[in-house]
Amino acid sequence: MFNRRKFIKASALSAGLLAIDKSSIANVIPREETKTENFPIVISTWDFGIAANADAWKVLSTGGRALDAVEQGVWVPEADEHNQSVGYGGLPDRDGHVTLDACIMDELGNCGAVLALEHIKHPISVARKVMEKTPHVMLAGDGALQFALEQGFKKENLLTPASEKAWKEWLKTAKYAPVMNIENKLYQKAAPQKLPGNQYNHDTIGMLAIDAKGNISGACTTSGMAYKLHGRIGDSPIIGAGLYVDNEIGGATSTGVGEEVVRNVGSFLVVELMRQGYTPEAACKEAVMRIIKKKPETAKNIQVGFLAINKKGEYGAYAIQQGFSYAVCNAEKQDLLIKGKSYY
C-alpha cells in the first residue's frame, strides 16, 4: 500500500524537482526552435517573377523584412511598360482607363488594398500606406487616388502608346460588353502560341516571402482583365481571394480569372488547407478542383492558378490550364523558374 510515509517522501521529491532552476531544466529539455535553413525565400507568379524576385532578394539577403521585400519586388513589373497585365502599360478597360488593383499583407495580419486606382504607377505602395496610415483595409477609385496624392505619390498617365493602340484595335470589332477570357481570344488567330496561361498571356503578379526571422508577407498587384467593364474588380486586391497570409501556417496568392477565385475565397482556402496538413501543392490543387467542380464547362476555357508557401519554406502551385509558371529565389538559386502542374 501507498502509506503515509511513502506519500511524504514522494511529495518531498516532487518539491525538490520543482525547485530546480530554469537553466537546469533548459539543459535537460531541448527547446523547440524554428528551422531556418530554407529562409529567406521569395516566390512569385509567372516568368517575370524572376526579375521581381531579384529585387526582393536584395532586401531579404541583407536581413530585411519580408514586407519590404515583397513591396520592392513587385515594383519591377508595376513599372515595366512592356508588361501589359500589371501596372504601367497595362491594357485598359473598355473605356480606355488603366485601373490598377493591389493588396499587401504582413506577418501580423495587417493588410491594405487599393481598388480601381488610376494614375499611380505603384499601387502596391499605396496599399501599404492604406495599411499603415489609415484605420481601413481598402480604398477605391477616386478616394484611393485622393489618398495617394495626399501621401505624395505622383499622378501620371499609365496608358502607353502600345496599350492604347491595342485597345483601339480591339474597339473596331468589339461589342461594348465584357467578354469572358478576352485576352485569350485576342490571340487565337493572330498568335496561337499565346493561349491560356502561358508566359505570353497572363495577369497579376503575386509574391510571397519568408525573411531570415521566419516571418511571412505577401503582395499582389495587377491592371486586371483587359477591356473589362469600367470599375470591375477581380480577386487581386481582395484579402482572402488574391492573397492571404497566416504567419503560423503560410501564405497563398492567385492569378487568372479573378471572379472564380473570389467565389471560392481561393487564397484563404489554400492556407486553411495547409493548416489541415495539406502540402502547398496539394492545397493549391484542391482549391483549383473546387473551381472546376462548381463550373466544369467554364473551367475549360479559363485560367486560374494558385501559388503557396508554408511556414517551413516548402512551396507549390497548381493551375487549371497548362502554362502556369512560378519563380523561386533563395540562397541556393536566384533565378529558378518552375512549370506548375495543371488539371488540363
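Below, the structure is looked at part by part. (Residues numbered from 1 in each chain as written. Predicted model: local features only at pLDDT ≥ 70, side-chain atom pairs only at ≥ 80, totals over all residues. Heavy atoms only, no water.)

Concerning the packing of aromatic side chains
The relative placement of two aromatic rings is captured by the distance of their centres and the angle of their planes.
Then step 1. All chains considered together, the criterion is met by five aromatic pairs.
Then step 2. Where W170 meets Y227, the ring centres are 4.4 Å apart and the plane angle is 10°; that geometry is what we call stacked. Taken together, the residues W170 in helix α7 (residues 161–173) and Y227 in the loop between β6 (216–222) and β7 (243–246) connect sequence positions 57 residues apart.
Then step 3. Looking at Y227, the relative accessible area reads 2%, which means it is buried.
Then step 4. Summarising the aromatic geometry, the rings of Y244 and F268 are spaced 5.0 Å apart at their centres and angled 80° between planes, so their arrangement reads as edge-to-face. Of the two residues, Y244 is situated in strand β7 and F268 in helix α10 (residues 266–275); the sequence distance between them amounts to 24 residues.
Then step 5. For the cation-ring pair, K121 lies above Y88, with the distance from its terminal atom to the ring centre recorded as 4.6 Å. (Phe/Tyr/Trp six-rings, centres within 6.5 Å; stacked < 30°, edge-to-face > 60°. Helix = DSSP H or I, 4+ residues; strand = E, 2+ residues; numbered from the N terminus. Buried < 20%, exposed > 50% of the residue type's maximum accessible area, 1.4 Å probe, protein only. Lys NZ or Arg CZ within 6 Å of the ring centre and 35° of its normal.)

Here we look at helix α3 (residues 49–60)
Then step 1. Taking 1.5 Å of rise per residue, 12 residues should cover 16 Å, and α3 covers 15 Å from first to last C-alpha, within 8% of that figure.
Then step 2. Taken together, the buried positions of α3 are occupied by G49, A52, N53, A56, W57, V59 and L60. Seen end-on, α3 carries its buried residues on one side only, within an arc spanning 145°.
Then step 3. Elements that come into contact with the buried residues of α3 comprise β1 (41–45), α4 (66–78), β5 (205–210) and β11 (325–330). (Expected span 1.5 Å × (residues − 1). Arc of directions from axis to C-beta. Contact = heavy atoms within 4.5 Å.)

Quick notes on the packing of α10 against helix α11 (residues 280–294)
Then step 1. Look at α10 against α11: their axes get within 9 Å of each other, and the N-to-C directions meet at 135°. As summarised for this structure, α10 and α11 are arranged oblique, according to the angle between their axes. Relative to α11, the crossing made by α10 is right-handed. Residues G266, L269, V270, L273 and M274 of α10 form the contact with α11, whose own contacting residues are P280, A283, C284, E286, A287 and R290.
Then step 2. Here the residues of the contact of α10 with α11 sort into eight nonpolar, one polar and two charged. (Axes fitted to C-alpha atoms, helices over the stretch in contact; angles between N-to-C directions. Parallel < 35°, antiparallel > 145°, perpendicular 65-115°, else oblique. Left-handed = near helix turned anticlockwise from the far one by under 90°. Nonpolar A, V, L, I, M, F, W, Y, C, P; charged D, E, K, R; others polar.)

Topic: the nonpolar core
Then step 1. Formed by 82 residues in total, the largest nonpolar core has its most connected members in I104, V114, V126, V270, F306 and I320.
Then step 2. The leading source of residues in this core is α11, at seven residues. (Core = buried A, V, L, I, M, F, W, Y, C linked by side-chain atoms within 4.5 Å.)

A look at α7
Then step 1. Along α7, the positions that sit buried rather than exposed are S163, W167 and W170. All buried residues of α7 lie within an arc of 60° about the axis, which places them on one face of the element. Exposed side chains of α7 directed beyond 90 degrees from the buried face belong to P161, K165, K172 and T173.

Notes on the pattern of salt bridges
Then step 1. This model, assessed by the stated rule, comprises 18 salt bridges.
Then step 2. A salt bridge links R128 to E132; the shortest N-O distance between them is 2.9 Å. Note that R128 and E132 are positioned in helix α5 (residues 123–133) at a spacing of four residues, about one turn of the helix. (Salt bridge = Lys/Arg side-chain N within 4 Å of Asp/Glu carboxyl O.)

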